[in-house]
Amino acid sequence: MTFKTETEISAQPDIWADWAAELPGIAGRIRAWIADRAPDEIWLSGAGTSAFIADSLVVALDGQRGIRLRNVPTTDLVARPGDFFRPGFRPLVVSFGRSGNSSESIGTLDLLDRLAPGADRLNITCNKDSVLATRKPAGEGEAQVITLPPASHDAGFAMTSSYTTMLITALACLSDAPLDALAGRVATLADTARGLLARDIDTRRPGRAVFLGAGPFKGTARESALKVLELTAGRVVTAWDSTLGFRHGPKAVIDDDTAVYVFLSSGDPTRKYDQDIAAEIRAQFPTIRVTTIGQPMSGADAPDIAFVTGLDDVWNTPVAILVAQRLSAAWSQSLGLNVDDPFAGRNLTRVVSNVRLYC
């Protein structure tokens, strides 16, 4: 049986390649708008997987266009708005949402109307009919909307193509990559992804899975851990961390039934730290699988799962996540679960829309 989630994972290269034709024009418009509006900061906001986009982007792009970027999850913003809003401060709030209808997305718009009516909004969503796509600001702040291709609006429970396509779109709009190079970059990602998806990988299911990465790949590690946890309905226990941070306590999660995945950075000294933690775990747990993922570098150990783009680490995150997406779907099937709805409507749902708001 082929599940929708598997089809959506495999469809990502074609979605990106088609989107590449429109993306430079969209990015040019948004960059010009941001420069004209001159916000005090740019807040990247979402919940769950949508928030993890910011984990990768902020560390790589902060200040790149002369404006501070902050990771402000909607779940934090709605719960404690006083930690973020202050009189006279004008952030640009970039909201990510697959459905565009989650409780916290709506709560964020409510807070902006009430506490920061002059703040601008950039809403990036896969659903053209959603609240994020259609709601207008109540105050003098302006709103721009980017509606992604319909094919990126995953029908399955897990966010796969929605995550990567929102990530690529934000990269195009918020980075300083030349506009005339964007289509080529995305085409390169699509070609690389096709090769990675066609390659055989070891899908034996462990009892625990750990994902590690530094810089932009720390966000990839976090999203990888969530993908496995979601699609296996929590039956594969997961952990994530930075490659250096993992030794400071979280490494206790490893046992003899753990698989460890390390995303390798493309530059030193970070790459050396990544390789050191992989080597250390292999030496201490010689019977478990430790898999490195990344671009080959001259004079360095080749990754176990290698891909070549020639791009910076942050641009490689949409490709790197494909490994965890494939593992998650395979492990879900091996457990006899419905990959498209592993919780069968209980505990977790595709769209979180039942949260009582107190905004």
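Located above this text is the structure these notes cover.
Source: prediction; values computed, not measured.

(A) Focus on the nonpolar core. Core analysis: the biggest nonpolar cluster contains 78 residues, and Leu44 and Leu57 have the highest contact counts within it. No other element matches the 11 residues that helix α12 (residues 313-334) contributes to this core. Sequence-distant contacts of leucine 57, defined by excluding residues within four places in its chain, comprise Leu44, Asp62, Phe96, Leu167, Ala170, Leu171 and Val314. Listed in part, the 14 residues of the second largest apolar core include Val210, Val253, Val260 and Val290.

(B) Spotlight on the sheet that holds strand β7 (residues 237-241). A sheet is described by the order of its strands in space; here 5 strands give the open sequence β7-β6-β8-β9-β10, paired in parallel fashion. Here the strands that pair on one side only, and so sit at the sheet edges, are β7 and β10 (305-306). Where strand β6 (residues 208-212) meets β7, 5 bridges bridge the pair, whose relative direction is parallel. Bridged to arginine 208 within β7 is valine 237. Of the strands in this sheet, β6, β7 and β8 (258-263) touch helix α10 (residues 216-231), which is tilted by about 175° from β7. Strands in contact with α12 are β6, β8, β9 (289-294) and β10; relative to β8, the strand with the most contacts, it is inclined by about 160°.

(C) Just the environment of tyrosine 261, in detail. Its place among the elements puts tyrosine 261 in strand β8. Judged by its relative accessible area of 3%, tyrosine 261 is buried. When sequence neighbours within four positions are dropped, the list of residues in contact with tyrosine 261 reads Val210, Phe211, Leu212, Arg289, Thr291, Ile293, Leu327 and Trp331.

(D) Spatial organisation of the sheet that holds strand β2 (residues 68-71). The 5 strands are arranged β2-β1-β3-β4-β5 in an open sheet whose pairing can be described as parallel. Strands with a single pairing partner mark the edges of an open sheet, and in this sheet they are β2 and β5 (143-147). Averaged over all pairs of adjacent strands, the angle between strand axes in this sheet comes to 15°, irrespective of strand direction. Inspection of the sheet shows strand β1 (residues 41-45) paired to β2 by 4 bridges, in the parallel sense. Across the sheet, the residue bridging to leucine 44 is asparagine 71, located in β2. Together, β1, β3 (91-97), β4 (120-125) and β5 form the strand contacts of helix α3 (residues 23-37), whose direction differs from that of β5 by roughly 160°. Contacting β1, β2, β3, β4 and β5, helix α8 (residues 161-174) runs over the sheet at an angle of about 155° to β3.

(E) A look at the packing of aromatic side chains. For the structure shown, the criterion picks out 7 aromatic pairs. Between phenylalanine 217 and phenylalanine 263, the aromatic rings sit 5.9 Å apart at their centres with planes inclined by 20°, giving stacked as the arrangement. Taken together, the residues phenylalanine 217 in helix α10 and phenylalanine 263 in strand β8 connect sequence positions 46 residues apart. Here the aromatic cluster, defined as three or more aromatic residues joined through ring pairs, consists of Trp43, Phe84, Phe85 and Phe89. Its end group placed over the ring of phenylalanine 89, arginine 86 keeps NZ or CZ at 3.8 Å from the ring centre. Lying over the aromatic face of tryptophan 315, arginine 185 brings its terminal NZ or CZ to 5.0 Å of the ring centre.

(F) How the structure looks around the pattern of salt bridges. Scanning the model with the defined rule gives 23 salt bridges in all. Residue aspartate 202 pairs with arginine 289 through a salt bridge whose shortest N-O separation is 3.7 Å. Here arginine 289 lies in strand β9 and aspartate 202 lies in the loop between α9 (179-198) and β6, a separation of 87 residues in the sequence. Salt-bridge contacts for lysine 272 lead to aspartate 268; the nearest nitrogen and oxygen are separated by 2.8 Å. For lysine 272, a relative accessible area of 45% corresponds to the partly exposed category. Several salt bridges converge on common partners, so that one network encompasses Arg37, Arg90, Asp120 and Glu142.

Cut-offs used in this document
Residues numbered from 1 in each chain as written. Predicted model: local features only at pLDDT ≥ 70, side-chain atom pairs only at ≥ 80, totals over all residues. Heavy atoms only, no water. Core = buried A, V, L, I, M, F, W, Y, C linked by side-chain atoms within 4.5 Å. Buried < 20%, exposed > 50% of the residue type's maximum accessible area, 1.4 Å probe, protein only. Helix = DSSP H or I, 4+ residues; strand = E, 2+ residues; numbered from the N terminus. Contact = heavy atoms within 4.5 Å. Pairing = 2+ DSSP bridges. Axes fitted to C-alpha atoms, helices over the stretch in contact; angles between N-to-C directions. Phe/Tyr/Trp six-rings, centres within 6.5 Å; stacked < 30°, edge-to-face > 60°. Lys NZ or Arg CZ within 6 Å of the ring centre and 35° of its normal. Salt bridge = Lys/Arg side-chain N within 4 Å of Asp/Glu carboxyl O.

Keep in mind these numbers describe shape, not what the thing actually does.
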